[in-house]
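One letter stands for each residue in the lines below.
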Amino acid sequence: MKPMGSLTEHYWLVQRMAKALGCDTAQAMEEGRLDPQEWAGMVTRCRGCQVTCACRDWLARAELEEAPRAEAIGGCKNALVFAEL
């Protein structure tokens, strides 16, 4: 089993992914669509992800585009949560 990744690094990867997909996690929390435990779960799932290197590359390309992407990188453990947000 792969060790968990850095909490700080994966916190920011989840933040970047949300932005790349046009998800406003702060607003989702205000509206009750995302609670702190769910947010923590997203970061924890990201920490155990096997596609982190590909994710960083995907995010770098996505951040160069002006429009949000329709869906997360294949293999993202939070893809369903992002799709619901």
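Small disclaimer: the values here were computed from a predicted structure and weren't measured. (Residues numbered from 1 in each chain as written. Predicted model: local features only at pLDDT ≥ 70, side-chain atom pairs only at ≥ 80, totals over all residues. Heavy atoms only, no water.)

This paragraph deals with the nonpolar core. Generally speaking, a soluble globular protein has its nonpolar side chains buried in company with each other. Ranked by size, the top nonpolar core spans 21 residues in total, and within it V14, M17, L21, W58, L59 and F82 carry the most contacts. Mapped by element, the contributors of at least two residues to this core are helix 1 (7-20), helix 3 (36-47) and helix 4 (52-64). Broken down by element, this core gets its largest block of residues, five residues, from helix 1. Look past the residues within four positions of L21 in its chain and what remains in contact with it is W58, P68, R69, A70, E71, A72 and F82. (Core = buried A, V, L, I, M, F, W, Y, C linked by side-chain atoms within 4.5 Å. Buried < 20%, exposed > 50% of the residue type's maximum accessible area, 1.4 Å probe, protein only. Helix = DSSP H or I, 4+ residues; strand = E, 2+ residues; numbered from the N terminus. Contact = heavy atoms within 4.5 Å.)

Enumeration over the complete set of coordinates arrives at four salt bridges. With a shortest N-O distance of 2.6 Å, E63 and R16 are connected by a salt bridge. Of this pair, E63 sits in helix 4 while R16 sits in helix 1, and the two are 47 residues apart along the sequence. A salt bridge links E31 to R33; its shortest N-O distance comes to 2.7 Å. For E31, a relative accessible area of 44% gives the class partly exposed. Its relative accessible area of 38% is what places R33 among the partly exposed residues. (Salt bridge = Lys/Arg side-chain N within 4 Å of Asp/Glu carboxyl O.)

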